[in-house]
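Inside the fold
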Amino acid sequence: MGWEKFFGHAATVDYLRKNIASGKFPHAVIFAGTEGIGKRTAADICAAALLCDNPVDGSPCGVCESCRLTAAKSHPDFYIVEPEANKSKTRLIKIGQIRAMQTEAALRPINSERRVVIIDGAELMNNAAANCLLKTIEEPPSQTIFVLVTANLSSLPITIRSRCITVHFDRLPPAQIQDALIARGAEFDEARRLSVIAGGSFGRALTLKDSGGAQLREDAFNTLEKISRGEFNNEDIFTFGATVAEWPRDRFADFVIYIQKILRDVYSADVSEPLNPDLSERTAALNISEQKIFALMETGTTFHRRLKSNASLRLMAEAYLMSLRKIFR
Ligand SMILES: [Zn+2]
């Protein structure tokens, strides 16, 4: 796969292609940007082009032996480090993974002129792993290129950031995402809703399209409306808890975020661009005092943070709604 199928980020792609074509691709680079924005795809295309025997204008040729090996995920000079889940299901990159990578990265390339190492989820390196990587990035093996991919640049140690060139993948404008969704067969209204809630990420828009993300925001809005009108009884709460118990944790996290964004729109309707412009009328109709909004948002923040613990999702969902309800009483 080459750049022709890569969506958006024209200036960034142009910069990367020029650097690949001129042989000036940095030895250590960080691709930073929100989840689903395309940074890993871009890293994969860069790797393919850097390993390719006959790259064309910074793009992999797609037909040489190296390209075929890359496509088959068996190129001996292409190394990928990704977070692994530990016993408590926390995803981490451990020092052992970095050491194993270093052993390979120090060897001469086998098939191509160079080696490429992608470290995806680089912010999930623990301290030991980050320190271990730092040594390699300070004095990188001359034939090896490191691409660190991260959705949370500020979580990477400054020592690592300062030794890498950072390439930012900015959020895409909603109109661009909307057009691309329509081009992929989405209905106009659905494309508009998804482009708004995708937060500038086309990948996220596609995920939301497949997973009913627009419906989740609708559910969040309905729940907040009902609670604000005092219509959410205990039975509703337990029914909700039973539903959430079946969800992945991320989905409930998204639900909380949707409520936070709706509250933020209610609070700052007059002073800033709404996060949910397509819901403006309904947001305006939500009559919630400023004091309550702050209390509600604080509750959301607390529960969103607690989601990182191992507490039962069902109990947490119920406690969250009870806390919201209490604020209206
Ligand atoms: Zn090739």
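In short, a report on the structure. (Residues numbered from 1 in each chain as written. Predicted model: local features only at pLDDT ≥ 70, side-chain atom pairs only at ≥ 80, totals over all residues. Heavy atoms only, no water.)

A look at the overall build of the protein
Regarding its fold elements, the protein presents 15 helices and seven strands. Across its three principal directions, the C-alpha atoms of the protein cover 70 × 40 × 35 Å. Looking at the protein residue by residue over its 329 residues, the buried ones come to 45%. Across the protein, contacts joining residues at least 24 apart in sequence account for 72% of those joining residues at least 6 apart. Entry remark: accessible area of the protein is about 17000 Å², with carbon and sulfur atoms responsible for 50%. (Helix = DSSP H or I, 4+ residues; strand = E, 2+ residues; numbered from the N terminus. Buried < 20%, exposed > 50% of the residue type's maximum accessible area, 1.4 Å probe, protein only. Contact = heavy atoms within 4.5 Å. Areas by Shrake-Rupley, 256 points an atom, 1.4 Å probe, with all protein chains shown as cover.)

Some details on the coordination of the zinc ion
Angles at a metal have ideal values that depend on geometry: 109.5 degrees with four tetrahedral donors, 90 or 180 degrees with six octahedral donors. The protein atoms that coordinate the zinc ion are Cys-52 (SG), Cys-61 (SG), Cys-64 (SG) and Cys-67 (SG), at distances of 2.2 to 2.4 Å. Its four donor atoms give the zinc ion angles of 102 to 117° at the centre, a pattern that matches the tetrahedral case. Taking the relative accessible area as the measure of exposure, Cys-52 reaches 8% and is therefore buried. Residue class for Cys-61 comes out partly exposed when judged on its relative accessible area of 24%. (Donors = N, O, S within 2.8 Å, 3.2 Å for Na, K, Ca; no water. Tetrahedral: all angles 85-135°; square planar, octahedral: opposite > 155°, others 65-115°.)

Topic: unusual backbone geometry
Peptide bonds are, in most cases, trans, and in most cases residues other than glycine have a negative phi. Positive phi outside glycine occurs at His-9, with the angle close to 55°. Position of His-9 among the secondary structure elements: in the segment before α1 (10-21). Backbone geometry at Lys-73 places phi at a positive 55°, although glycine is not the residue there. With respect to the element layout, Lys-73 can be found in the loop between α3 (65-71) and β2 (78-81).

Describing helix α14 (residues 290-306)
The terminal C-alpha atoms of α14, which comprises 17 residues, lie 24 Å apart, in line with the 24 Å expected from a rise of 1.5 Å per residue. Buried within α14 we find Ile-293, Leu-296, Thr-299, Gly-300 and Phe-303. Down the axis of α14, the sector holding all buried residues measures 125°, keeping them to one side. Among the exposed residues of α14, those pointing more than 90 degrees away from its buried face are Gln-291, Glu-298 and Arg-305. (Expected span 1.5 Å × (residues − 1). Arc of directions from axis to C-beta.)

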